[in-house]
Amino acid sequence: SNNAIRKSMSCVYYDEQTGTWISRGVVLRGIEVDDSNNARAVCASSHLTLFTVDDTSEAAKIVEHKIASFAARVDSMNNVNFLDDGTSVNWNVMGSFVGVTVLFVAVIVVAKLKGRKAAVDRGRLTFQQDGVLSKPNVMGSTQYEAILRRWVSAKDAAKLVVFELLTSNAVFGLLFHWDHEAV
């Protein structure tokens, strides 16, 4: 209701000296509510400064408290001194982290060593066929022309464009393995 909105809203300005929002000199003159229940505040100010509408409702206080609590927990984690005598290390968590990291590195090393010969053979074949080593493209000039002239359906054009974006984007390209002959 308008009464509840009126009680939870206030106009405030930013005091640069104290770094806080203050309501002195800024007054909530009214609230406009349209047919779709969007509310707009009308504030009056005795000075020109950066001001806004503050929500002093119970929900805003709860959210603010949760954020402050989370920030305090993160801050306390950042201030841990592992060299202090009173600090204890959870060896299960530390061991799990180290174990997963070692396993990850081992899998990468084995995959790189195993795939090295196949990659060299694939590169040699690509160079023999094309005369140059380059990343394969889904769409060439023929495919672009087919899309522009509407020789292919919209569904096929969309597939080609999506595959082209996935293969040409450096980040998305890391997620896929494309054999040169298959593309």
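Residues numbered from 1 in each chain as written. Predicted model: local features only at pLDDT ≥ 70, side-chain atom pairs only at ≥ 80, totals over all residues. Heavy atoms only, no water.

Account for the state of the cysteines, naming residues and giving values.
All chains considered together, the criterion is met by one disulfide. Paired by a disulfide, Cys 11 and Cys 43 hold their sulfur atoms 1.9 Å apart. Measuring the twist about the S-S bond at about -75°, one finds the Cys 11-Cys 43 disulfide to be left-handed. Of the two residues, Cys 11 is situated in strand β1 (residues 9–15) and Cys 43 in strand β4 (residues 39–45); the sequence distance between them amounts to 32 residues. Classification of Cys 43 by relative accessible area gives partly exposed; the value is 22%. (Disulfide = S-S within 2.5 Å. Helix = DSSP H or I, 4+ residues; strand = E, 2+ residues; numbered from the N terminus. Buried < 20%, exposed > 50% of the residue type's maximum accessible area, 1.4 Å probe, protein only.)

Could you give me a rundown of the pattern of salt bridges, with the residues and numbers involved?
Under the criterion given, the structure shown has three salt bridges. When the shortest N-O distance is used, the salt bridge between Glu 32 and Arg 40 registers 3.6 Å. What makes Arg 40 partly exposed here is its relative accessible area of 45%. Here Arg 124 ties to Asp 121 by a salt bridge, and the two come within 3.6 Å at their closest N and O atoms. Of the two residues, Arg 124 and Asp 121 are both situated in helix α3 (residues 91–130); the distance of three residues between them amounts to about one turn of the helix. The exposure class of Asp 121 is partly exposed, given its relative accessible area of 35%. (Salt bridge = Lys/Arg side-chain N within 4 Å of Asp/Glu carboxyl O.)

I'd love a proper account of unusual backbone geometry, names of residues and values included.
Backbone geometry places Arg 150, a non-glycine residue, at a positive phi of 60°. Of note, Arg 150 is situated in the loop between α4 (141–148) and α5 (154–168).

Tell me about α5, and please be specific about residues and values.
Between its terminal C-alpha atoms α5 stretches 21 Å, which fits the 21 Å expected from 15 residues at 1.5 Å a residue. Taken residue by residue, α5 has Ala 157, Glu 164, Leu 166 and Thr 167 as its buried positions. (Expected span 1.5 Å × (residues − 1).)

Talk me through the packing of α4 against α5; I want residue IDs and the actual numbers.
One can describe the packing of α4 onto α5 by two numbers: an axis separation of 10 Å at closest approach and a directional angle of 140°. Between α4 and α5, the crossing angle belongs to the class labelled oblique. Along this stretch, α4 crosses α5, giving a crossing that reads as left-handed. Note on element contacts: α5 touches α4 through Ala 157, Leu 160, Val 161 and Glu 164, opposite Gln 143, Tyr 144 and Ile 147. Grouping the constituent residues of the contact of α4 with α5 by class yields five nonpolar, one polar and one charged. (Axes fitted to C-alpha atoms, helices over the stretch in contact; angles between N-to-C directions. Parallel < 35°, antiparallel > 145°, perpendicular 65-115°, else oblique. Left-handed = near helix turned anticlockwise from the far one by under 90°. Contact = heavy atoms within 4.5 Å. Nonpolar A, V, L, I, M, F, W, Y, C, P; charged D, E, K, R; others polar.)

Pulling in residues and values, what's your account of the nonpolar core?
One broad trend across soluble globular proteins is that nonpolar side chains are buried collectively. Residues Met 9, Cys 11, Tyr 13, Ile 22, Val 26 and Leu 28 constitute the largest nonpolar core, which totals six residues. Those elements that place two or more of their residues in this core are β1 and β3 (26–33). With three residues, the single largest contributor to this core is β1. In contact with Ile 22, other than residues within four places in its own chain, are Val 12, Tyr 13 and Asp 15. (Core = buried A, V, L, I, M, F, W, Y, C linked by side-chain atoms within 4.5 Å.)

An account of the side chain of Asp 15 is requested, with residue identities and associated values reported.
Tracing the chain through its elements places Asp 15 in strand β1. For Asp 15, which is buried and forms no salt bridge, the nearest opposite charge comes from Arg 24, at a distance of 4.9 Å. A distance of 3.3 Å separates the side chain of Asp 15 from the side chain of Thr 18, its partner in a polar contact. Beyond its immediate sequence surroundings of up to four residues, Asp 15 is in contact with Thr 20 and Ile 22. (Lys, Arg positive; Asp, Glu negative; His and termini not counted. Polar contact = N/O pair within 3.5 Å; in protein donor to acceptor, adjacent residues only side chain to side chain.)

Describe the environment of Asn 81, listing the residues and the values that go with them.
Along the chain, Asn 81 falls in the loop between α2 (58–78) and α3. Since its relative accessible area comes to 43%, Asn 81 is described here as partly exposed. A distance of 3.0 Å separates a polar side-chain atom of Asn 81 from the backbone nitrogen of Leu 83.

An account of the environment of Met 139 is needed here, citing residue identities and associated values.
Position of Met 139 among the secondary structure elements: in the loop between α3 and α4. Assessed through its relative accessible area of 5%, Met 139 is described here as buried. For the pair Met 139 and Phe 163, spaced 24 residues apart in sequence, the C-alpha separation works out to 8.5 Å. Beyond its immediate chain neighbours, meaning those up to four positions away, Met 139 contacts Tyr 144, Ile 147, Leu 160, Val 161 and Glu 164.

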